[in-house]
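Structural features, examined
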Amino acid sequence: MKYKYLLSSLLIILVLVESNAQNQSGILDPKPGNSRFLLRGYSDATFMSNDEETTFGNARFVPLFLYKQSDKLFFEGELEFEVEDGEVKVALEYANVNYSLAPNLNLRAGEILIPFGIFFDRLHPSWINRLPTVPLGYGHDGTLPTSDLGAEIRGASYLGGVKFNYSVYVTNGPRIEDGEDEAEEVGMIVHEGNEDNNNNKAIGGRLGIFPLRDQSLEIGFSAQSAKLGNRGSELEELGALLYAFDWTYVRKVSFLGGVIDLKGQVNFINIDDHTYTIEEGSVMESYTFENKSNSTFFQLGYRPTFGPSQFIKNLELVGRYSTLNTPEEAPWASENTQLALGLNYWIDWRTAVKFAYQMDSMTGGHAEDGEEPEALDVNTFYIQWTIGF
């Protein structure tokens, strides 16, 4: 019921603002020919080599469609066409309608990018992401929310001379694996918003603050709360609380002769305690574990913009350290670390060739008593060409 009150309040706000807008001539002009359409997006191709394979890997074409119907109303949508394992896969990244409630306040509804931290909401396009890969825990099969069906209000303002931005959203939310289809994934959170599996909705948001006068530093806090279980099941009331801290610091440093770009995020996933009972073959198995996961990424980039030649100025050094730790007693328990080092050459401000060496280490699996968990180390070399358009 509280969600109905929330949505009703949003509708009332929209009606009041729209009534005020109608009193201002020229703000909403529906005359034919005044609309605008823009095609943007990005594309990339990747080569990778490790002990298991050497191949030209994924190739992607990701068009972004922008349609402006008036100064207050516009649409954005992004499709992803990807060649993977010899097949062409198509995915809808997001598609939503945006309405400007005020100069610094927007309402959007549809398939939205979840503003949980900074990576997927801001950095996931390959010409913006400084490395050919994503940190641990991110991506379509990750432990963190990426996109979902719902509605969001986001804006920005000043308080006491300090700039801040904010976002509040309500979406279908994640679900939990009950072990019926994948027994080894029982208790795992799954972020699939295409279909709501219960009557609950996820509520979340992010607050970002710029404490420095030059706005070179942003510090953010994100949170999301939701029920996970299928409608009518014993897991229906099982809750999850996700929260994260993030930061971005970009500044010219004279004694280094260039610009440093420091980004990072720390994530926590807490799911209510529960004993999961599943059938494996003809045997009933029970799992009880503290269902808490965490992940991090720390990224540092340096570009010698004061270099002696244009070639040097176009170079960029980047390093990223990432971790992902899942519950110790879960069948899918693991401890993962990732270190990626890269060198990028920027042909122009949105076209780059990236060279990267990534070292992944994983210790995981539900080991039997007296046995050590399986360990796996993979080192991979990448070359990626990317262009934004």
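Residues numbered from 1 in each chain as written. Predicted model: local features only at pLDDT ≥ 70, side-chain atom pairs only at ≥ 80, totals over all residues. Heavy atoms only, no water.

1. With respect to the overall build of the protein
Helix and strand counts for the protein stand at 3 helices and 20 strands. The proportion of buried residues among the 389 residues of the protein is 44%. Sequence separation of 24 or more characterises 58% of the internal contacts of the protein that already satisfy a separation of 6 or more. Surface accessibility of the protein: about 20700 Å² in total, with carbon and sulfur atoms responsible for 57%. (Helix = DSSP H or I, 4+ residues; strand = E, 2+ residues; numbered from the N terminus. Buried < 20%, exposed > 50% of the residue type's maximum accessible area, 1.4 Å probe, protein only. Contact = heavy atoms within 4.5 Å. Areas by Shrake-Rupley, 256 points an atom, 1.4 Å probe, with all protein chains shown as cover.)

2. Some points on the environment of Thr288
Its location among the elements puts Thr288 in strand S15 (residues 283-288). The exposure class assigned to Thr288 is exposed, which follows from its relative accessible area of 56%. Sequence-wise, Thr288 and Glu329 are 41 residues apart; in three dimensions their C-alpha atoms are separated by 7.5 Å. Side chain to side chain, Thr288 and Thr275 meet in a polar contact 2.8 Å long. (Polar contact = N/O pair within 3.5 Å; in protein donor to acceptor, adjacent residues only side chain to side chain.)

3. Side note on the nonpolar core
Ile176, Ile189, Ile271 and Tyr276 are the most contacted members of the largest nonpolar core, which totals 28 residues. Of all the elements in the fold, those that place two or more residues in this core are helix H2 (119-123), strand S12 (239-253), strand S13 (258-271) and strand S14 (275-280). With 3 residues, the single largest contributor to this core is S12. Once residues within four sequence positions are removed from consideration, Tyr276 is found in contact with Ile176, Val186, Gly187, Leu235, Leu238, Ile271, Glu285, Ser286, Tyr287, Phe289 and Asn291. One finds Met48, Leu131, Val318 and Ala340 within the second-largest nonpolar core, a separate group that totals 6 residues. (Core = buried A, V, L, I, M, F, W, Y, C linked by side-chain atoms within 4.5 Å.)

4. Topic: the packing of aromatic side chains
Counting across every chain of the model gives 16 aromatic pairs. Ring geometry for Phe119 versus Tyr138: centroids 5.1 Å apart, planes at 55°, classification tilted. Here Tyr138 lies in the loop between H2 and strand S6 (147-159) and Phe119 lies in helix H2, a separation of 19 residues in the sequence. Residue classification places Phe119 among the buried residues on the basis of a relative accessible area of 1%. Accessibility expressed as a relative area gives 10% for Tyr138, which makes it buried. (Phe/Tyr/Trp six-rings, centres within 6.5 Å; stacked < 30°, edge-to-face > 60°.)

5. A few points about the pattern of salt bridges
Enumeration according to the criterion identifies 16 salt bridges in this entry. Linking Asp44 and Arg60 is a salt bridge whose minimum nitrogen-to-oxygen distance equals 2.8 Å. Taken together, the residues Asp44 in strand S1 (residues 36-49) and Arg60 in strand S2 (residues 54-68) connect sequence positions 16 residues apart. Residue Arg60 is classed as buried on the basis of its relative accessible area, which comes to 18%. The closest approach of N and O atoms between Arg251 and Asp214, which form a salt bridge, is 3.3 Å. Taken together, the positions of Arg251 in strand S12 and Asp214 in the loop between strand S10 (202-210) and strand S11 (217-227) put the pair 37 residues apart, joining distant regions of the chain. Look at the salt bridges and you will find they share partners, linking Glu76, Arg108, Asp121, Glu152 and Arg154 into a network. (Salt bridge = Lys/Arg side-chain N within 4 Å of Asp/Glu carboxyl O.)

6. What about the pairing of strand S7 (residues 162-171)?
Note: S6 against S7, 10 bridges, orientation antiparallel. By the bridge assignment, Gly155 is partnered in S7 with Tyr166. Following S6, the chain reverses through 2 residues before pairing antiparallel with S7; Gly160 in that reversal takes a positive phi of roughly 60°. Pairing analysis gives 9 bridges linking S7 to S10, with the strands arranged antiparallel. (Pairing = 2+ DSSP bridges.)

7. Side note on unusual backbone geometry
In this structure, Gln215 is a non-glycine residue whose phi angle is positive, near 60°. Here Gln215 is to be found in the loop between S10 and S11. By relative accessible area, which is 31% here, Gln215 ends up partly exposed.

8. Notes on the pairing of S12
Pairing analysis gives 11 bridges linking S11 to S12, with the strands arranged antiparallel. Counted as the bridge partner of Leu217 is Tyr249 from S12. Two strands pair when backbone bridges link them, and S12 and S13 are joined in this way by 14 bridges, in the antiparallel orientation. Within the sheet, the bridge partner assigned to Ala240 lies in S13 and is Ile271.

9. Some details on the side chain of Glu218
Tracing the chain through its elements places Glu218 in strand S11. Exposure remark for Glu218: the relative accessible area of 5% places this residue in the buried category. A polar contact of 2.8 Å, which involves the side chain of Glu218, links it to the side chain of Arg122. Of the polar contacts made by the side chain of Glu218, one reaches the side chain of Asn165; its length is 3.2 Å. Excluding its chain neighbours within four sequence positions, the residues that come into contact with Glu218 are Arg122, Asn165, Arg206, Gly208, Ile209, Phe210, Asp246, Trp247 and Thr248.

10. Considering the layout of surface pockets
Roughly 400 Å³ of internal volume is contained in the second largest pocket. Along the walls of the second largest pocket sit 19 residues, with Leu64, Glu78, Tyr94, Pro125 and Ile128 positioned nearest its centre. Elements that contribute at least two residues to the lining of the second largest pocket include exactly S1, S2, strand S3 (73-84), strand S5 (105-113) and H2. Of the residues belonging to the lining of the second largest pocket, the class tally is 9 nonpolar, 3 polar and 7 charged. (1 Å grid on protein atoms, 1.4 Å probe; cavity = no way out; pocket = protein on both sides within 12 Å on 5 of 7 lines; lining within 4 Å. Points joined across faces, edges and corners; volume = space filled by probe spheres on them. Nonpolar A, V, L, I, M, F, W, Y, C, P; charged D, E, K, R; others polar.)

11. Comments concerning a nonpolar patch on the surface
A contiguous nonpolar surface patch, about 440 Å² in accessible area, is contributed by Phe61, Phe81, Val83, Val88 and Val90. Taken together, the elements giving at least two residues each to the nonpolar patch come down to S3 and strand S4 (87-102). Along the chain, Phe61 turns up in strand S2. When its relative accessible area of 40% is taken as the criterion, Phe61 is described as partly exposed. (Patch = residues over 30% accessible without salt bridge, like charges linked within 9 Å, V, L, I, M, F, W, Y side chains within 5 Å.)

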